[in-house]
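Listed here are the chains, written in short residue letters.
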Amino acid sequence: MQYQTESWGSYKMNKIGFGSVGMVADTGLLRIESLAAESAVVIFSVSTCCMCHAVKGLFRGMGVSPAVHELDLHPYGGDIQRALIRLLGCSGASSPGSLPVVFIGGKLVGAMDRVMASHINGSLVPLLKDAGALWL
């Protein structure tokens, strides 16, 4: 089974809400979009999370230098984490699998389960190469 990454276009229009004063953009999603575009691989993490540590180790072990955003240390970490949970379809901040969240080439790969499945089935390396994060 191969996992497909999702493009931002499908999330931008679906996740923007309409307020009483017209269209109001979700600032958490806008921050995610901006941060996800800053590097070939972006990991949203929590500094004390063992699964987050494992994902960061996986990428670094492959020779990839991801941009890591530790949400417990980030000034807007709570807003970003709530927006990530909505993107993933999780029910709450304590949902299993809600963090880490990985973007490759600006596209949402997903949480730990999808990253590991992509690694095991061999689709992670081509994603990294296409994003320019891996040269071998």
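Everything below is about the structure shown above.
This one's a predicted model, so the numbers in the text were calculated from it and none came from an experiment. (Residues numbered from 1 in each chain as written. Predicted model: local features only at pLDDT ≥ 70, side-chain atom pairs only at ≥ 80, totals over all residues. Heavy atoms only, no water.)

1. Things to note about the overall build of the chain
Move 1: A tally of regular secondary structure across the chain gives six helices and six strands.
Move 2: Ordering the α and β elements of the chain from the N terminus gives α-β-β-α-β-α-β-α-β-β-α-α.
Move 3: Considering only intrachain contacts with a sequence separation of at least 6, the fraction spanning at least 24 residues in the chain is 63%.
Move 4: Just so you have it, the chain exposes about 7300 Å², and 57% of that area is on carbon and sulfur atoms. (Helix = DSSP H or I, 4+ residues; strand = E, 2+ residues; numbered from the N terminus. Contact = heavy atoms within 4.5 Å. Areas by Shrake-Rupley, 256 points an atom, 1.4 Å probe, with all protein chains shown as cover.)

2. What to know about the sheet that holds strand β3 (residues 41-45)
Move 1: Reading across the sheet, the four strands line up as β4-β3-β5-β6 and stay open at both edges, with mixed pairing between neighbours. Each edge of the sheet is formed by a strand with only one pairing partner; in this case those strands are β4 (67-70) and β6 (107-111). For this sheet the average axis-to-axis angle between neighbouring strands, irrespective of direction, equals 20°.
Move 2: The pairing of strand β5 (residues 101-104) with β6 spans four bridges and is classified as antiparallel. The residue of β6 that forms the bridge with Val 101 is Ala 111. (Pairing = 2+ DSSP bridges. Axes fitted to C-alpha atoms, helices over the stretch in contact; angles between N-to-C directions.)

3. Some thoughts on the packing of aromatic side chains
Move 1: Tallying each qualifying case throughout the model produces one aromatic pair.
Move 2: Consider the rings of Phe 44 and Phe 103, whose centres lie 5.8 Å apart with planes at 80°: the pair is edge-to-face. Taken together, the residues span a long stretch of sequence, with Phe 44 in strand β3 and Phe 103 in strand β5 at a distance of 59 residues.
Move 3: Above the face of the Tyr 76 ring, Arg 31 is positioned so that its terminal group lies 3.5 Å from the ring centre. (Phe/Tyr/Trp six-rings, centres within 6.5 Å; stacked < 30°, edge-to-face > 60°. Lys NZ or Arg CZ within 6 Å of the ring centre and 35° of its normal.)

4. Some thoughts on unusual backbone geometry
Move 1: Following Leu 99, the chain continues into Pro 100 via a peptide bond in cis, with omega recorded as 5°.
Move 2: For Pro 100, the location among the structural elements is in the loop between α4 (77-88) and β5.

5. A few points about the pattern of salt bridges
Move 1: Within this structure, the stated rule accounts for three salt bridges.
Move 2: The structure contains a network of salt bridges with shared partners spanning Arg 31, Asp 79 and Arg 82. (Salt bridge = Lys/Arg side-chain N within 4 Å of Asp/Glu carboxyl O.)

6. Looking at helix α5 (residues 112-121)
Move 1: Residues of α5 that are buried include every one of Met 112, Val 115 and Ser 118, and no others. Mapping the buried residues of α5 onto a view down its axis gives an arc of 135°, with all of them on the same face. Projecting away from the buried face of α5 at angles above 90 degrees are the exposed residues Asp 113 and Ile 120.
Move 2: Along its buried surface, α5 packs onto α3 (50-61), β5, β6 and α6 (124-131). (Buried < 20%, exposed > 50% of the residue type's maximum accessible area, 1.4 Å probe, protein only. Arc of directions from axis to C-beta.)

7. Quick notes on the pairing of β4
Move 1: The sheet contact formed by β3 and β4 spans four bridges and is parallel. Looking at the pairing, Val 42 lines up with Ala 67 of β4.

8. Describing the packing of α3 against α5
Move 1: For the pair α3 and α5, the least separation of the axes is 11 Å and the interaxial angle reads 30°. By the angle class used here, α3 and α5 are roughly parallel. Where α3 crosses over α5, the two elements pack in a sense that is left-handed. For the pair α3 and α5, the contacting residues are Met 51, Ala 54, Val 55, Leu 58 and Phe 59 in the first and Met 112, Val 115, Met 116 and His 119 in the second.
Move 2: Looking at side-chain class alone, the contact of α3 with α5 contains eight nonpolar, one polar and no charged residues. (Parallel < 35°, antiparallel > 145°, perpendicular 65-115°, else oblique. Left-handed = near helix turned anticlockwise from the far one by under 90°. Nonpolar A, V, L, I, M, F, W, Y, C, P; charged D, E, K, R; others polar.)

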